[in-house]
Amino acid sequence: MPVPCRKCGGSAILKRPKTGDALCKECFYAAFESEIHHTIVTGKLFTRGERVAVGASGGKDSTVLAYVLKLLNEKYDYGLDLVLLSVDEGITGYRDDSLETVKRNQQQYDLPLKIVSYEELYGWTMDSIVKQIGRKNNCTFCGVFRRQALDRGALLVNAGKIVTGHNADDIAETILMNILRGDIARLRRCADIITGAEGALPRCKPFKYTYEKEIVMYAYFKKLDYFSTECIYSPNAYRGYARAYLKDLEKIRSTSIIDIIHSGESLSIKKDVKMPTQGTCSRCAYISSQPVCKACTLLEGLNKGLPKLGIGKPHKARKRLDAVDLKASTDSSTPPPSSSSTSSDPAASIAPSSSSSSSPSSSNVAAEVKQVVDF
Amino acid sequence: MCQVQGDDTLMIEEVKILKRSSTCLKCDEAAVVIARVKDAFCRHCFLGYVTHRFKATIGKSRLIRDKEKVLIAFSGGQNSSAVARLIHEGRSENQHKRSDSSQVSSTDDGIITQQTPEERRANRETITKLMNAYDLPTCVVPIEEVFSLRLSAESTLRVKDEDDVTMAMEHFSQLSIQDEASQRLQDILDSVKSLTAKEDLVKTLRHRLLADIAKQTGHTKVMLGDNGTNLASRVLSGMAQGRGVTVPLEVGFADNREGDSTFVRPLREFPSREVSLYNHLMGVESVCIPTLTTKASQYASINKLTDDFIHGLQVGFPSTVSTVLRTGEKLCMVSSSGDEGSCIMCKAPLDTNVSACSALESTQHSLAELSDPDRGQQTANGQCSLAVSCETSYDDQSSSECCGQGDGSCHSTKKTISFGDVSKGLCYGCRITVRDMKGVNSLPGYVLEEAGRRQRRSEMKEEIQDFLLTDDR
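Residues numbered from 1 in each chain as written. Chains lettered and ligands numbered in written order. Predicted model: local features only at pLDDT ≥ 70, side-chain atom pairs only at ≥ 80, totals over all residues. Heavy atoms only, no water.

The following threshold applies: UniProt positions are given in the numbering used here, feature names are shortened, and annotations may be inferred rather than shown by experiment.
Per an unreviewed UniProt entry, chain B goes by Cytoplasmic tRNA 2-thiolation protein 2 and derives from Strongylocentrotus purpuratus. Looking at the Sequence similarities (unreviewed entry) heading of the UniProt record, one finds this comment for chain B: "Belongs to the CTU2/NCS2 family." Under Subcellular location (unreviewed entry), UniProt gives the following word-for-word description of chain B: "Cytoplasm".

Chain A is annotated in an unreviewed UniProt entry as Cytoplasmic tRNA 2-thiolation protein 1 of Strongylocentrotus purpuratus.

Quick look at the interface of chain B and chain A
Quick note on the threshold: Here, residues are in contact when the closest pair of their heavy atoms is within 4.5 Å. The buried area of a pairing is the accessible area, by a 1.4 Å probe, that goes missing from both parts when the two are put together, added over both. Any carboxyl oxygen of Asp or Glu that lies within 4 Å of a side-chain nitrogen of Lys or Arg is treated as forming a salt bridge with it. Polar contacts, as used here, are pairs of N or O atoms within 3.5 Å; protein pairs need one atom able to donate a hydrogen and one able to accept it. Residues neighboring in sequence count only if both atoms are side-chain atoms. Segments assigned H or I by DSSP are reported as helices when at least four residues long, segments assigned E as strands when at least two residues long, and all are numbered from the N terminus. For this classification, Asp, Glu, Lys and Arg are treated as charged, while Ala, Val, Leu, Ile, Met, Phe, Trp, Tyr, Cys and Pro are nonpolar and the rest, including Gly, are polar. Here, a strand pair is defined by DSSP locating no fewer than two bridges between the strands.
The partner chain A presents 60 residues to the 62 residues of chain B that form the contact. Overall, the association of chain B and chain A removes approximately 5400 Å² of surface from exposure, summing both partners, and the carbon and sulfur fraction of that is 64%. Taken together, the links from chain B to chain A amount to zero salt bridges. Here chain B and chain A share 16 residue pairs in polar contact (both at pLDDT 80 or more) between them. Among the secondary structure elements, those contributing two or more residues to the side of chain B that touches chain A are α1 (2-20), α8 (195-216), α9 (228-240), α12 (302-316), α13 (320-329), β9 (331-332), α14 (359-370) and α16 (428-435) of chain B. Residue composition of the side of chain B that touches chain A, by class: 29 nonpolar, 24 polar and nine charged. With two bridges joining them, strand β9 (residues 268-269) of chain A and β9 of chain B adopt antiparallel strand pairing. Bridged to S268 of chain A within β9 of chain B is C332 of chain B.

Observations concerning helix α11 (residues 272-282) of chain B
Residue and element names in this part refer to chain B. We apply this condition: Exposure classes here rest on a 1.4 Å probe applied to the protein chains alone. A residue is buried below 20% of its type maximum, exposed above 50%, and partly exposed in between.
Those residues of α11 lying buried are E274, V275, L277, Y278, N279, L281 and M282. Against β1 (33-35), α2 (43-61) and α3 (78-93) lie the buried residues of α11. A positive phi of about 65 degrees marks G283, the residue just after α11.

Topic: unusual backbone geometry
Within the chain, D110 of chain A stands out as a residue other than glycine whose phi angle is a positive 55 degrees. Within the secondary structure, D110 of chain A sits in the loop between α3 (95-109) and β5 (113-117). Judged by relative accessible area, which is 62%, D110 of chain A ranks as exposed. Phi at R62 of chain B takes a positive value of approximately 50 degrees, unusual for a residue other than glycine. By secondary structure assignment, the location of R62 of chain B is in the loop between α2 and β3 (70-73). Residue class for R62 of chain B comes out exposed when judged on its relative accessible area of 77%.

Notes on the packing of helix α1 (residues 25-42) of chain A against helix α2 (residues 60-75) of chain A
All names here are of chain A. Quick reminder of the rule: Note on geometry: axes are lines fitted to C-alpha atoms, helical ones only across the stretch in contact, with angles between N-to-C directions running from 0 to 180 degrees. Orientation categories follow fixed angle ranges, with anything under 35 degrees roughly parallel, anything over 145 roughly antiparallel, 65 to 115 roughly perpendicular, and all other angles oblique.
Direction vectors running N to C along α1 and α2 enclose 75 degrees, while the axes themselves pass 11 Å from each other. Viewed along their axes, α1 and α2 adopt a mutual orientation that is roughly perpendicular. Here F32, E33, I36, H37 and I40 of α1 come into contact with α2, specifically with V64, V68, L69, L71, L72 and K75. Here the contact of α1 with α2 is built from residues that sort into eight nonpolar, one polar and two charged.

Structural data, given as structure tokens:
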């Protein structure tokens, strides 16, 4: 027995996860698009004439995002200049394939595409980082580097704003994660629709109120070309718990996702709670809450052959790295200039060659640093 | 998740320490328990630690004055038994000290789990027996009493006179279960579709009843038995049920949304394990009376799922409970704007006055999109949307509903109240719960009265709107 579409009375093809309504294909497209338009308008996400970089990974969210933004831009005449921006992390068997999808999308949607790679920005691919650090913790590198890479890529194409395909599920998950981790500073800003306005390029999330399931539905019925494979390097274990919890919540009550976002939006934080102050990195001038940003710290660890040192609490990481520097400068076998140049000159820290200078004594240093850390 | 990996290594070290230390942390006696994360205590030092921490939690809050009358909400379970025992110990130790005119009070929730009258009577007797051990005045009030609460009762002044208090106490201890009220509550509970909403409703009703008992018997504080583990789980389940705005009230030491009866949680610094250890060592008796989700699967309700989630995570990451609690502590309340700014059900500040770009507005936009005028009355798969009013008339109750004040504030339910009218006065979390019910007319009188009052106020305001110079009420 065909179920009638709630809107037009035709034969319905799906049940909307968001409202539970049965809709036909056309009415679902219309509702989906009009809701994103509503979010864009009420959230004042864009201004006319702006060049906007669409973070494109080739996955479902960003593919639908690029498609819908282009469509809405024409339909409602936002006057936006859209550019696809991809980051090549250098993961063989994952990113190279998904980038092919992005390249096809570029032709299908007729949008310019810019690809920035970790290799050209940092001198390291994720493959080579994983060789150093192993399967654990590599997501820390990838996540921190991607954030900067998107910003740098957007600057290269002269974009004033970045849009990402984060959907409602992602945001609800992040809110839960930040509670579980006790990260009050991120908890405050993770529910914002536009983030990073001060310092870095503003980023916005037009899919903030869009359920992941509906994005998949849209892509499925529109037969959009997207790449769906999990990253080959181990998925983030702890986030996995939050995700599983969220999926279970959704099973019990399908509106839980939007309810969590509502909760996140209505939180207010005590005034006397100490917040990290946002400054800029003394090395690369990128926005950072520490004197040296996380990306530079991680990179320094990599280049000194001690990749694990940059992981963990920022001040502890700093201490460990300083201990390495101290060790290097007191050690007569290692020429002091090389270590001081890596720490003071931002350009030098990007060059992969500097890692070789400290590698001979690295295992020895690592043993001593470990002791320092334990205290 | 670098910090988490750090914790992993920490855990391994702790296991080593546990094996080594068999003597008490404070004295050199043989240790019998492990408290906090890894501290070994002997019996005497552990009990001292618990008592000290309990008193310190109360003292630090600076909320409970000497000789203040405190009502202990007692369910017979581990937590409330521990609170009663700790208060009892404190009293016998120091006669003139604080909270020496307390009372233990319990609500009889038998109806919720559909117990027979005999079962309920048996449970009441068990609980009374347990409460009598603490040498304090006691009473057991059936949860149905919540229907006799009136809005008008709120405006009556708190009773001060000793005679009034005794009378009120007598009144509460002699309450019998009214069949009519039982039926009404049963109807409401049956009309709630999901267990999550049912739990939420019962909790709201019970809190309101406790606040009312406290008020009528002249108590200014109500002590709840929530422990740290419960509260950590409450942070997450509160978030998941759209109650982010009340998280600071729900998990803080004090919850003052009821105005002059403040709820306090003196066990909030203790994880559930320490409460059990205390009860075990002190021989505190408790009873487990089944609730809605006892023996249910973990997917039965959001609260149940969250409890299981927190417990599971706590095993792998022992800092989970304290981290979540500390996150909850850093949140604060937004000040509600006066009388009309709070929820008519749970008294939380209203969080529904939001900007155009928000989760609430976006959901309403999605729903409004579909409610074409010609098809608007139809609801898809029985779900009641915000845009569609769900009017279900309950004719049989109409006559008993008139409050008869005769000053124009009389609200008779002959004119059935719609979901839309009620929902204006509800916070986001209560809206979800009420939307899960078949109709709003079976809600307790005090909720409907307040909804009606607010509606009339806003109608009045609309009428005079053109002549108002400022937006103040």
